[in-house]
Amino acid sequence: MTAHLSRRALLGAAAILPLAAACGRSAPPAPPAAPRTDRATAELADLEARFVGRLGVYALDTGNGATVGHRADELFPMCSTFKVLAASAILRLRTQQPGLLDRVVHYTQAQMVDGSPISSTHLADGMTVAAMCAAAIQYSDNSAANQLLDILGGPRGVTAFVRTLGDPLTRLDRYETDLNIVPPGEVRDTSTPEWMGKNLRALALGDALDPAGRDQLVEWMVGNTTGATRIRAGLPNGWRVGDKTGGGARNEINDIAVCWPPNRAPLVIAVYTAPTDPNAKGDGKVLADAASIVVRALTP
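Sequence order sets the numbering: in each chain, residues are counted from 1 along the sequence as written. Per-residue local features are limited, in this predicted model, to residues with pLDDT of at least 70; the limit for side-chain atom pairs, both in listing and counting, is 80 or more; totals at the level of whole chains, interfaces and linings are taken over all residues. Remark: hydrogens and water are excluded; side-chain values derive from all non-hydrogen atoms of the structure.

Draft legend 1. Molecular detail of helix H9 (residues 285-298). Its 14 residues give H9 an end-to-end C-alpha distance of 20 Å, which sits within 8% of 20 Å, the value for a rise of 1.5 Å per residue. We call a residue buried when its accessible area falls under 20% of the maximum for its residue type, exposed when it is over 50%, and partly exposed in between, using a 1.4 Å probe and counting protein chains only. The way it works is that DSSP assigns letters per residue, a run of H or I at least four long becomes a helix, a run of E at least two long becomes a strand, and they are numbered from the N terminus. Counted residue by residue, H9 has 10 buried out of 14 residues, so it is predominantly covered. Any helix carries an expected span of 1.5 Å times its number of residues minus one.

Right, dumping it as structure tokens:
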């Protein structure tokens with residue numbers, strides 16, 4: 001009888017303990033409710049229909065892991081968004097080559113390509129590697145980016161760097177400005193919104209770079225001058241944003257960003273487009289609208 005009562009007591013205690021433990025601790029924050037993210041997915045599909053072309057979106061709330069996506073696993077031309085990867089590869093390389101960022105690089109007029117607003121003014125005196133990284137990210141300077149690629153051993157150096165981030169798909173094959181010519185079905189110089197978002201999180205918020213390198217990358221991105229009408233335009237006032245834009249020969253328009261809401265964990269947003277009509281004029285509003293949709297879903 002005593003043994004029987006002991007077993008019953010033990011069973012009762014076992015049943016009560018989980019309840020007591022649950023009452024004594026706070027539950028982890030739950031991701032956004034399914035109806036909200038489902039609505040965002042539907043809104044992105046509607047936005048794509050009005051855009052007339054493919055729209056790729058990936059957004060991550062780094063606080064709770066919630067995501068919103070649309071065609072997030074499809075390939076899109078990276079265009080100039082690759083410059084974040086190239087600058088990040090340089091930042092890692094500087095840990096193996098002390099003084100790399102201060103090295104002055106000289107180049108000639110024959111090496112200049114279109115879309116080089118900063119490097120074109122330094123033909124006489126050259127630029128430091130750090131200044132070229134800043135020009136590539138903040139002004140999307142194409143000739144500066146090509147000089148960075150040479151330091152990395154060519155476009156394949158960026159691809160090799162990305163593989164160290166665990167990304168099996170993203171690839172860079174050509175220099176500026178050829179890398180912006182990506183017809184449908186081409187895999188060269190492409191990535192997916194999801195992988196670019198994950199890479200950006202690892203580089204700007206994670207430990208893919210050392211702390212000083214990570215801080216430098218964020219500083220460059222926050223100082224970007226080309227994204228006012230894209231993701232930034234779809235965010236609430238008062239958010240800190242670092243982004244990198246891109247644009248292709250078929251009027252693709254892209255943007256990737258880290259966004260810091262006040263008193264909240266950052267969001268990572270990647271938006272890529274591929275218009276059906278290659279002659280259609282690129283409009284940053286579709287990127288701003290996509291950003292607004294995902295923000296409403298992830299930060300109600």
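Having put the structure on the table, let's press on.
Draft legend 2. Spatial organisation of the nonpolar core. As used in this record, nonpolar core signifies buried Ala, Val, Leu, Ile, Met, Phe, Trp, Tyr and Cys residues forming a set joined through side-chain atoms within 4.5 Å. Core analysis: the largest hydrophobic core is formed by 52 residues, its most contacted members being Phe82, Ile90, Val129, Val158, Leu200, Leu203 and Leu217. For this core, the elements supplying multiple residues, two or more each, are helix H3 (82-93), helix H4 (129-138), helix H5 (142-151), helix H6 (155-163), helix H7 (193-204), helix H8 (211-222), strand E8 (253-260) and strand E9 (267-275). Counting residues per element, this core draws most heavily on H3, at nine residues. A contact between two residues is defined here by any heavy atoms of the two lying within 4.5 Å. The residues touching Leu203, leaving out its near neighbours within four places in the chain, are Leu85, Ser88, Phe161, Leu165, Ala208, Leu209, Arg214 and Leu217. Ile231, Ala257, Leu267 and Ala297 belong to the second largest nonpolar core, which has 28 residues in total.

Draft legend 3. Broad picture of the pairing of strand E2 (residues 67-70). Because side chains alternate across E2, one face comprises the buried residues Val68 and His70, and the other comprises Thr67 and Gly69, none of which is buried. A pair of strands is labelled paired if DSSP reports no fewer than 2 bridges between them. Pairing analysis gives four bridges linking strand E1 (residues 53-61) to E2, with the strands arranged antiparallel. Pairing of Tyr58 across the sheet is with Gly69, part of E2. What sits between the antiparallel neighbours E1 and E2 is a turn of five residues, in which Gly65 has the positive phi angle 80°.

Draft legend 4. Molecular detail of the packing of aromatic side chains. Put simply, two rings from Phe, Tyr or Trp (the six-membered ring, in Trp's case) pair if the centres are within 6.5 Å, and we call them stacked under 30 degrees between planes, edge-to-face over 60, tilted for the rest. Enumeration according to the criterion identifies one aromatic pair in this entry. A centroid spacing of 6.3 Å and a plane angle of 40° characterise the contact between Phe76 and Tyr272, whose relative ring orientation is tilted. Here Tyr272 lies in strand E9 and Phe76 lies in strand E3 (residues 76-77), a separation of 196 residues in the sequence. Both residues of the pair, Phe76 and Tyr272, belong to the buried class. Looking at Arg54, its charged tip hangs above the ring of Phe76, at a distance of 4.0 Å from the centre. For a lysine, the NZ atom is tested; for an arginine, the CZ atom; a charge sits over a ring if that atom is within 6 Å of the ring centre and within 35 degrees of the ring normal.

Draft legend 5. Spatial organisation of the pattern of salt bridges. Here a salt bridge means any side-chain nitrogen of Lys or Arg lying within 4 Å of a carboxyl oxygen belonging to Asp or Glu. Counting across every chain of the model gives 14 salt bridges. With a shortest N-O distance of 3.4 Å, Glu176 and Lys83 are connected by a salt bridge. In this pair, Glu176 sits in the loop between H6 and strand E6 (190-191) while Lys83 sits in helix H3, placing the two residues 93 residues apart along the sequence. Classification of Lys83 by relative accessible area gives buried; the value is 1%. Shared partners join several salt bridges into a network, and the residues in it are Glu48, Arg54, Arg71 and Glu74.

Draft legend 6. Representation of the side chain of Gln147 within the structure. Secondary-structure assignment places Gln147 in helix H5. When its relative accessible area of 10% is taken as the criterion, Gln147 is described as buried. Not counting residues within four places of it along the chain, the set of residues in contact with Gln147 comprises Val105, Tyr107, Gln111 and Met132.

Draft legend 7. Fine view of the environment of Cys79. Along the polypeptide, Cys79 turns up in the loop between E3 and H3. Sequence separation between Cys79 and Thr177 is 98 residues; the distance between their C-alpha atoms is 8.8 Å. For Cys79, the residues in contact, after removing those within four places along its chain, are Leu179, Asn180, Gly246, Gly247, Gly248, Glu252 and Asn254.

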